[in-house]
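# Examining the three-dimensional arrangement
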Number of protein chains: 2
Amino acid sequence: MILTEGKLGIFSSKTATSLIRYCPEETACVLDSKAARTGKPLESFIGIGQGIPLVRSVKAGLAFKPTELLIGISPVGGELPQAWRKIVLQAIAAGLHVVSGLHHELNADPEFSSAARKRGVRLHDVRVPPPGIGVALDCLRKLKQRRIAIIGTDCNIGKMVTAIELDRALRHEGHDSEFVATGQTGIMIAGSGIAVDHVLSDYVNGAAELLCWQRRKREVLVIEGQGSIFHPAYSAVTVGLLHGSMPHALILQHAPARKSIRYYETYPLPPLKEVIALAEALVKPLYPAKVLAVALNTFGMSDAQAARAVQAAERQTALPACDPIRHGAKKLLDAMTPILKHRK
Amino acid sequence: MILTEGKLGIFSSKTATSLIRYCPEETACVLDSKAARTGKPLESFIGIGQGIPLVRSVKAGLAFKPTELLIGISPVGGELPQAWRKIVLQAIAAGLHVVSGLHHELNADPEFSSAARKRGVRLHDVRVPPPGIGVALDCLRKLKQRRIAIIGTDCNIGKMVTAIELDRALRHEGHDSEFVATGQTGIMIAGSGIAVDHVLSDYVNGAAELLCWQRRKREVLVIEGQGSIFHPAYSAVTVGLLHGSMPHALILQHAPARKSIRYYETYPLPPLKEVIALAEALVKPLYPAKVLAVALNTFGMSDAQAARAVQAAERQTALPACDPIRHGAKKLLDAMTPILKHRK
């Protein structure tokens, strides 16, 4: 049972949308009383999820035999909306385990942890980092492995989806590739990873390095990006992840409809060319990675609009562009040839 | 009593050196058995501290009536060297409070906290952040206040000293200025601040913003920098601090003798001009700050060598340069005129 209570939408419930996209068989139902009251189906809100019931209460959802309540949002600051506390407590009382990617640790919340203990259910805080994370040691440099990092013009713009789609395409082509989750939603989908925004700031680069080092036998890693390198609130996480994971190639994720930084609308997004130049300059002192492709999130556009957006991005950047959801990830895959060729 | 045990030196015991420079009257003695055994005076190791005794044991140091033991190093990773544990326990047993800027929290260490409780002394972990730190909210933009940030080509290169010297020079000229400490040593000197490398990574920008917001009535803030924007391990902290504090002007700190990133010698430092261009490009999407001056750490050079280093930096960057310790901070102060003029 995925909880989105009042927030169901492609951007407002990113975690829910991504889980529904990549784990539909594991989704029993979506709990959102506001959305359920409209009588419209799930797909009318997020474009996917056909056949998955939308319910208005924990009680109604139990009919679909869920085993866990999954908190389907990741709001600014990571706090749990007050109104949701009651729902989480109802789910615990109904015997559901709870999976959460919030900064607000459910296990550290006396009311939740006591209720869970009494009912014998687990509270899984996926954002709590594993032990052993420290400063970066520069141990990736000599690995033969190839690493691809997805960077973005903003938060919440499609970086994780692109990373997953490219990883799938790489594996489909026979590459020994792995998607590396660096945020709570990615971790829920991949089943492993580190929420790099939830480690001690001195250890962000080190956490990114550790993620890659632990997977050093993989031929290719596709690393989920976070935030943007000029984000007013999250640039620390972005840059630490980018430097710490030492990628060989970058893909720039953008949504053509996004004109300014989300929630910080005073700041217009710079032209794609400037973002690319800045990203390449930022990694240059450490390694020579280039942006090799542009991935677009064209959600909500018509096919014609999306095609025009792709053409515009290609013209602006002189790089191949596509929406991996709408057009498939083939173009992104082909763009990686220069860094993958070495093993042929 | 400042502990440097075996690490006494301008770079290896940065915390000790800075405290001795800015709080000499509060320094009873320096504890370093290795240095004390040489029979040489303190100033022969760090260039300052004339008249401050160098002792070889806690017991010997007690003769100079210290009230606190201050851990005078900040090693990579912030852990306490094993050999120092015994010394800290001896100091606690002797009734000294302990001040530490290590990641390793003394209060969270059962052996230390139990010993301190028994003896009735305080363990002050200055790196533990105050409550109330969250994501950046973009609340500085409309303040009339002027903020100057010191950035550097590397860690441990003199950024804090330059910030303190410029703040002093500003106050000497009648400006209502404050030095904003962002690391453990700065906090020990200033008596307040936040160790931005010790907050949750999602909150680095927010911690930097909070530091400035709390001081919003000050006319000028001079903000201590951390790391470098291309540091393999610490770039997350650096960039978050730089974006979160939204400075109006930048000063680039460099040490001419430094040719590569300290402890990561594979990576040569880029030319100053490239560092300046990168820093300005990185802040440009959020605010239009420029690097207005270069501060040099010429420690260990002759006056003639230092003069040549200044000339070289000025030629390379077309900016005024000086070593604020050797030459005074006048040149840096003058370089700030464009951003301070608005109140005249």
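Residue numbers here run from 1 along each chain, matching the order of that chain's written sequence. A letter from A marks each chain and a number from 1 marks each ligand, given out in the order of writing. It should be noted that, the model being predicted, local features are given only for residues of pLDDT at least 70 and side-chain atom pairs only at 80 or more, the latter also being counted only at that level, while totals for whole chains, interfaces and linings use all residues.

## Considering the relation of the copies chain A and chain B
Our working rule: To line up the copies, we fit them by least squares on C-alpha atoms, keeping just the residues with pLDDT of at least 70 in both. Contact criterion: two residues are in contact if their C-beta atoms, reconstructed from the backbone, are within 7 Å.
Superposition of chain A onto chain B requires a rotation of 180 degrees combined with a translation of 0.0 Å along the rotation axis, giving an RMSD of 0.0 Å. Such a combination of rotation and displacement between the chain copies is what one expects of a two-fold axis. Both copies contact each other with a shared surface, as 100% of the interface residues of chain A are interface residues in chain B too.

## Remarks on the domain arrangement of chain A
All names here are of chain A. The criterion, for reference: For every domain, the bounds stem from an assignment made automatically or drawn from a database. Strands here are runs of E lasting at least two residues and helices are runs of H or I lasting at least four, both read from the DSSP assignment and numbered beginning at the N terminus.
Each domain of chain A was delimited in the assignment, giving domain 1 (2–125) and domain 2 (146–343). A straight line from the C-alpha centre of domain 1 to that of domain 2 covers 27 Å. Facing 14 residues of domain 1, the contacting portion of domain 2 comprises 11 residues. Broken down by element, the side of domain 1 that touches domain 2 gets its largest block of residues, five residues, from helix H1 (residues 14–22).

## Some words on the packing of helix H11 (residues 272–283) of chain B against helix H12 (residues 303–317) of chain B
Residues and elements named next belong to chain B. Defined as follows: To obtain an axis, a line is fitted to C-alpha atoms, over the contacting stretch when the element is a helix, and the angle between two such axes runs from 0 to 180 degrees between their N-to-C directions. Small angles under 35 degrees read as roughly parallel and large ones over 145 as roughly antiparallel, with 65 to 115 read as roughly perpendicular and the rest as oblique. It is the rotation of the near helix from the far one that decides the hand of a crossing: anticlockwise by less than a right angle makes it left-handed, clockwise makes it right-handed.
Two elements in contact, H11 and H12, have axes whose closest approach is 8 Å; the angle formed by their N-to-C orientations is 50 degrees. Comparing the axis directions of H11 and H12 gives the class oblique. Read as a crossing pair, H11 and H12 show a hand that is right-handed. Every residue of H12 that contacts H11 at Leu272, Lys273 and Ile276 is listed here: Ala313, Gln316 and Thr317.

## Some remarks on the sheet that holds strand E6 (residues 123–125) of chain A
The pairing of strands in a sheet comes from backbone hydrogen bonds and takes either a parallel or an antiparallel form. Residues and elements named next belong to chain A. To keep things clear, this is the line we draw: The criterion for strand pairing is that DSSP finds at least two bridges linking the strands in question.
If you trace the six strands from one edge of the open sheet to the other, you get E3-E2-E1-E4-E5-E6, paired in parallel fashion. At either end of the open sheet lies a strand with only one pairing partner, and these are strand E3 (54–55) and E6. In this structure, strand E4 (residues 68–71) lies alongside strand E5 (residues 97–100), joined through three bridges in parallel fashion. Paired with Leu70 across the strands is Val99, a residue of E5. In this fold helix H5 (residues 82–93) packs onto strand E1 (2–3), E4 and E5, with an angle of close to 140 degrees to the strand it touches most, E5.

## Examining helix H6 (residues 110–119) of chain A
Residue and element names in this part refer to chain A. The criterion, for reference: Three exposure classes are used, all based on how many other C-beta atoms lie within 10 Å of a residue's own C-beta (placed from the backbone): buried at 20 or more, exposed at 12 or fewer, and partly exposed between those limits. This arc is built from the directions going out from the helix axis to the C-beta atoms.
All of the buried residues along H6 are Phe112, Ala115 and Ala116. For H6, the buried positions fall inside an angular range of 100 degrees around the axis, keeping them on one side. Exposed residues lying more than 90 degrees from the buried face of H6 are Pro110, Ser114, Arg117 and Lys118. Each element contacted by the buried residues of H6 is listed here: H5 and E6. Looking one or two places after H6, you find Gly120, whose phi comes out positive at around 75 degrees.

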